[in-house]
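# A look at the structure
One-letter residues, chain by chain:
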Amino acid sequence: MPLGIFLIWPALHLLYSVKETHSIKIAKPRRIGGILLLLFSILLVGQPFGWEQGIFYWLFSLMALALSFVQLRIFQSESVPYLTVLSLIFLTINFYQQMGGLS
């Protein structure tokens, strides 16, 4: 799985927050951090399958995760921080596997 996919959920969490109902109330540094994290995730999509297949997976994941994020943000907002931590844990595990640490 491309590493950039695991950064989409934390980027959405930074971009749109959980407690703010209007996007204009979200702090500008938080919004910029989310955009930078999303751009950084795009840079990581070339690993391990190559750019063409990685971008396909990234776009498909972006659509699915954005839809899930919006639904959870509205109806189950208390679960979003836990899923953000879970996504970062999977990012760490996947990064460690790609570096040859786990079999």
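Scroll up to find the structure.
Residues numbered from 1 in each chain as written. Predicted model: local features only at pLDDT ≥ 70, side-chain atom pairs only at ≥ 80, totals over all residues. Heavy atoms only, no water.

## Thoughts on the overall build of the chain
Along the chain, the regular secondary structure elements total four helices and zero strands. On C-alpha atoms alone, the chain measures out to a radius of gyration of 14 Å, which is about the 13 Å that the 2.2 N^0.38 rule sets for 103 residues. Overall size of the chain, expressed as C-alpha extent along the three principal axes, is 40 × 25 × 25 Å. In the chain, which comprises 103 residues, the proportion classed as buried is 30%. Summing over all exposed atoms, the chain offers an accessible surface of approximately 6,800 Å²; the carbon and sulfur share of this is 71%. (Helix = DSSP H or I, 4+ residues; strand = E, 2+ residues; numbered from the N terminus. Rg over C-alpha atoms; globule rule 2.2 N^0.38 Å. Buried < 20%, exposed > 50% of the residue type's maximum accessible area, 1.4 Å probe, protein only. Areas by Shrake-Rupley, 256 points an atom, 1.4 Å probe, with all protein chains shown as cover.)

## Thoughts on the packing of aromatic side chains
One pass over the full model with this rule turns up two aromatic pairs. On the numbers, 5.9 Å between centres and 50 degrees between planes, the contact of Phe56 with Tyr57 is tilted. Judged by relative accessible area, Phe56 falls into the exposed class, the value being 54%. (Phe/Tyr/Trp six-rings, centres within 6.5 Å; stacked < 30°, edge-to-face > 60°.)

## Quick notes on helix 4 (residues 80-98)
When the terminal C-alpha atoms of helix 4 are compared, their 27 Å separation across 19 residues agrees well with the 27 Å that a helix rising 1.5 Å per residue should span. Among all positions of helix 4, only Val80, Thr84, Ser87, Leu91 and Asn94 are buried. Taken end-on, helix 4 shows its buried residues confined to a sector of 90 degrees, consistent with a single buried face. Facing away from the buried side of helix 4 by over 90 degrees, the exposed positions are Tyr82 and Thr92. (Expected span 1.5 Å × (residues − 1). Arc of directions from axis to C-beta.)

## Quick word on the packing of helix 1 (residues 8-16) against helix 3 (residues 51-75)
Taken N-terminus to C-terminus, the directions of helix 1 and helix 3 make an angle of 45 degrees; their axes are 10 Å apart at the nearest point. Accordingly, the angle class assigned to the pair helix 1 and helix 3 is oblique. When you trace helix 1 past helix 3, the crossing you get is right-handed. Along the contact surface, helix 1 presents Ile8, Trp9, Leu12, His13 and Tyr16, while helix 3 presents Trp58, Ser61, Leu62, Leu65, Ala66, Ser68, Phe69, Leu72 and Arg73. Counted by class, the contact of helix 1 with helix 3 contains 10 nonpolar, three polar and one charged residues. (Axes fitted to C-alpha atoms, helices over the stretch in contact; angles between N-to-C directions. Parallel < 35°, antiparallel > 145°, perpendicular 65-115°, else oblique. Left-handed = near helix turned anticlockwise from the far one by under 90°. Contact = heavy atoms within 4.5 Å. Nonpolar A, V, L, I, M, F, W, Y, C, P; charged D, E, K, R; others polar.)

## What to know about the environment of Ser68
Assignment of secondary structure puts Ser68 in helix 3. Overall, the relative accessible area of 33% leaves Ser68 in the partly exposed class. As a C-alpha pair, Ser68 and Trp9 span 59 residues in sequence and 9.6 Å in three-dimensional space.

## Concerning the nonpolar core
Grouped together as the largest cluster of nonpolar side chains are 12 residues: Ile5, Ile8, Trp9, Ala11, Leu12, Leu15, Val18, Leu38, Val45, Trp58, Phe69 and Val80. Among the elements of the structure, helix 1 and helix 3 are those that each provide at least two residues to this core. Looking at which element gives the most residues to this core, the answer is helix 1, with five residues. Other than its neighbours up to four places away in sequence, Trp9 contacts Leu65, Ser68, Phe69, Leu72, Val80, Leu83, Thr84 and Ser87. (Core = buried A, V, L, I, M, F, W, Y, C linked by side-chain atoms within 4.5 Å.)

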